[in-house]
Amino acid sequence: MTYNIHHANPPSKPDLIDIAAIAKVINAERPDLVALQEIDVNNTRSGKTLHEANELGRLTGMQAFFAKGIDYGGGEYGVAMLSRLPMADMQRIPLPTDESTKGEHRTIGTSVITLRDGRKIIFAVTHLDAQSAPTNRLMQMRKIADYFSNEKQPVIIAGDFNATPGTEVINILDSNFTRSCITDCGFTIPVIKPNKTIDFIAYKLSGSFKVLEHRVIPETYASDHLPVIAVLEVR
């Protein structure tokens, strides 16, 4: 699953943090791996004592790993992952930003996942720049492509790429990874009358995976993005 959770703030309730609603969406699907974006950690916006990644891990019974993008509100803000499978060697990889754009710094979170048969894959989560100009997204997507270019293990990357199919950013993604859905995949934003797809699950070493299912979950309360599910068979 990939899910931009809007720091657990339901769009219809601007002053509410409802982490339980996000956990309910995840628990309804019971994915093995979840890529999360817009995660608040101990900051003034969502609560100085609330580590959203760890709390979602507790509520779903999954291991959590948070990768900071920026300092925010006396705490942190970034991406995270949840795993039902053993997770090790977690890393945070900063992504480039043109400082003249005053864009937020972004990151990749990665971990080594041990599958039930003992094989290992790399799982990665990211959230690319949201500015209207693609300057930073292009830099960040090229960095991701370069970072995984020599990886020998199968890789799954998931997240909010803030770009639609046909743009240069997604063309770079498609040149280096295989998306779990290419056509008629379902829009992911906004949650009411969605009209764009910017949230993706993709994999590297295409012979290592077979897509069994891809769908967008029509959950309109918990976040301003719709979550995406892919079922992949590891060959």
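Conventions and cut-offs
Residues numbered from 1 in each chain as written. Predicted model: local features only at pLDDT ≥ 70, side-chain atom pairs only at ≥ 80, totals over all residues. Heavy atoms only, no water. Helix = DSSP H or I, 4+ residues; strand = E, 2+ residues; numbered from the N terminus. Buried < 20%, exposed > 50% of the residue type's maximum accessible area, 1.4 Å probe, protein only. Phe/Tyr/Trp six-rings, centres within 6.5 Å; stacked < 30°, edge-to-face > 60°. Disulfide = S-S within 2.5 Å. Axes fitted to C-alpha atoms, helices over the stretch in contact; angles between N-to-C directions. Parallel < 35°, antiparallel > 145°, perpendicular 65-115°, else oblique. Contact = heavy atoms within 4.5 Å. Nonpolar A, V, L, I, M, F, W, Y, C, P; charged D, E, K, R; others polar. Pairing = 2+ DSSP bridges.

Peer 1: Mind laying out the environment of Thr178, listing which residues take part and the relevant values?
Peer 2: Secondary-structure assignment places Thr178 in strand E10 (residues 178–179). According to the relative accessible area criterion, Thr178 is partly exposed, its value standing at 28%. Expressed as a C-alpha distance, the spacing of Thr178 and Ala202, which sit 24 residues apart in the sequence, is 5.2 Å.

Peer 1: Give me the lowdown on the packing of aromatic side chains, citing residues and values where you can.
Peer 2: Using the criterion set out here, one finds 5 aromatic pairs in the structure. An angle of 50° between the planes, with centres 5.1 Å apart, marks the rings of Tyr203 and Phe209 as tilted. Among the residues examined, Phe209 registers a relative accessible area of 3% and is labelled buried. Here the aromatic cluster, defined as three or more aromatic residues joined through ring pairs, consists of Tyr147, Phe148 and Phe177.

Peer 1: Just give me the short version of the state of the cysteines, but keep the residues and values in it.
Peer 2: With the rule as written, the count across this model stands at 1 disulfide. Linked covalently through their sulfurs, Cys181 and Cys185 form a disulfide whose S-S length is 2.2 Å. On the sign convention where negative means left-handed, the S-S torsion of about -95° between Cys181 and Cys185 marks this disulfide as left-handed. Pair check on accessibility: Cys181 and Cys185 agree, each one buried.

Peer 1: Can you tell me about the packing of helix H3 (residues 135–147) against helix H4 (residues 168–176), naming the residues and giving the values?
Peer 2: For the pair H3 and H4, interaxial distance at closest approach is 9 Å and the crossing angle is 5°. Judged by the angle between their axes, H3 and H4 are roughly parallel. Across the interface between the two elements, Arg137, Leu138, Met141, Arg142 and Ala145 from H3 touch Glu168, Val169, Ile172, Leu173 and Asn176 from H4. Across the contact of H3 with H4, the residue classes tally to 6 nonpolar, 1 polar and 3 charged.

Peer 1: Got a sec to walk through the pairing of strand E7 (residues 107–114)? Specific residues and values, please.
Peer 2: Taken across its 8 residues, E7 has 8 buried, putting it largely inside the fold. Here E7 shows two buried faces, one formed by Thr107, Gly109, Ser111 and Ile113 and the other by Ile108, Thr110, Val112 and Thr114. Judged from the 7 bridges that link them, E7 and strand E8 (residues 120–127) form a sheet pairing that is antiparallel. From the neighbouring strand, Val112 faces E8, where its bridge partner is Ile122.

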